[in-house]
Amino acid sequence: MAKTSSPGPIYYLCRRQHAYTIGVLLGYYNHGLGDLIRIIPYERLSDLSLIAPGTFIFTDLERLTPDELLTATALHKTIALQDDSLLLLNDPASVPRRFDLLRRLKAAGLNDFDVHRLGERGAIRRFPVFVRWENQHEPPLTGLLDNAQALETAIAALPEATRRNPDLMIVEYGTAPAPDGRFRKYSAFKVGDAIYPQHCFTSRGWYIKFSEAILGEAERAENRAYVEENPHVAQLERIFELADIDYGRIDYGIVDGRVQTFEINNNPTVMSRPPGWEPGTDYSRYAEMHARALRTILRPAGGPPLRLGDGTMSVDAVHDDAMREVRRRIARFSRSRRLRSLRQRLARALGLG
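As a starting point, this report considers the structure included with it.

What counts, and where the lines are drawn
Residues numbered from 1 in each chain as written. Predicted model: local features only at pLDDT ≥ 70, side-chain atom pairs only at ≥ 80, totals over all residues. Heavy atoms only, no water. Core = buried A, V, L, I, M, F, W, Y, C linked by side-chain atoms within 4.5 Å. Buried < 20%, exposed > 50% of the residue type's maximum accessible area, 1.4 Å probe, protein only. Contact = heavy atoms within 4.5 Å. Phe/Tyr/Trp six-rings, centres within 6.5 Å; stacked < 30°, edge-to-face > 60°. Helix = DSSP H or I, 4+ residues; strand = E, 2+ residues; numbered from the N terminus. Pairing = 2+ DSSP bridges.

One finds Phe56, Leu294 and Leu308 to be the most contacted residues of the largest nonpolar core, which totals 83 residues. In contact with Phe56, not counting residues within four places along its chain, are Tyr11, Leu13, Ile51, Ile79, Leu86, Leu87, Leu88, Leu89, Leu306 and Leu308. Among the nonpolar cores identified, the runner-up in size contains 12 residues, and Val131, Leu151, Ala154 and Leu158 belong to it.

Here's what the structure looks like:
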């Protein structure tokens, strides 16, 4: 009887500050992958000694400085040269940032809206537009601007340091309400060859945040149907292929039956809160979906060790250090939450709330 080889590790490369994106899943949920996935912050690469071969996921690429991106690109090549049989997801040399991705999708006819740098705004013919950061995961800096004069006024109102920042971009409005007058934002993960839908949020406004999503029973049923049916997977496969992204989460809307991509985050948050954070809310199904997708990229263990850095730390020690930062982050949020609850109770007791 043939012996089944045990799976090798999955290495998740990210900024130490942003290790929570995968770290909450690893540290607080039961999925059987805790001993197989190791977080390697880019900041600790040089501290590593030899590591076992495994699958590598490169993330946080838009947060790297140009020099750091060159280092990540060289590392990707170095790993491939040491063992060309390994699975490496997200080549830093080819994964586009948000501006280039949206330009690429527009040129391919997959998006109907375009993006522009501030210096190109005189050529914009399609309104409304809004201004946002390219590489920061923050809300837009402006609301919808209906014409060129409104755009000029909004830009002039920004602080000078902001106006001069090359990370700014102008985005043409690229969504539309459904027949019921509400907007939907869909999000789906790609992990290797697997694409699975995570959630559908419904809102009355065009810019959809979870805190403002409508969470009635009808919306929850719509979300469950989206997750079960994966209705847009064929379009998403083409978009991810064009983007050359192997791991990430796409956020998109549907206009006239076609996917309109807002962004693809290559270090997306899988889980942000531990179990039981919100009474009556079960986050475990999200953990199960992502764990199932991660299992598809596991490969049999074996082969000579790899050298990523010239240090003496084990990968377990580097991972443990990253996980301590994740736990500190959750502890800070928990303290802040308790203080907020205490203030609210005091305000009500004093008749101020």
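Further notes follow.
A few words now on the packing of aromatic side chains. This model, assessed by the stated rule, comprises 8 aromatic pairs. Both rings, one in Tyr12 and one in Tyr247, keep their centres 5.7 Å apart while their planes meet at 80°; by these two values the pair is edge-to-face. Here Tyr12, found in strand β1 (residues 10–14), pairs with Tyr247, found in strand β11 (residues 247–255); they are 235 residues apart in sequence, far enough to count as distant. Take Tyr12 and Tyr247: they sit in the same class, and that class is buried. Ring centres of Tyr186 and Tyr252 lie 5.4 Å apart, and the angle between their planes is 20°; this geometry places the pair in the stacked category. Placement of Tyr186 in strand β9 (residues 183–191) and of Tyr252 in strand β11 is noted, with a sequence separation of 66 residues between them. The two residues Tyr186 and Tyr252 agree in class, both being buried. Linked through ring pairs, Phe130, Tyr173, Trp206 and Tyr207 together constitute an aromatic cluster.

Spatially, 3 strands are ordered β6-β8-β7 in an open sheet, and the strand pairing comes out antiparallel. Every interior strand has two partners, whereas the edge strands, β6 (115–116) and β7 (129–133), have only one. Relative to strand β8 (residues 168–172), β6 runs antiparallel, the two being bridged by 2 bridges. Residue pairing across strands places Val115 opposite Val171, the latter belonging to β8.

In this section: the environment of Phe113. When you line up the elements, Phe113 lands in the loop between α3 (98–107) and β6. Taking the relative accessible area as the measure of exposure, Phe113 reaches 3% and is therefore buried. Aside from chain neighbours lying at most four places away, what touches Phe113 is Leu102, Lys106, Arg126, Val171, Glu172, Tyr173, Gly174, Gln260 and Thr261.

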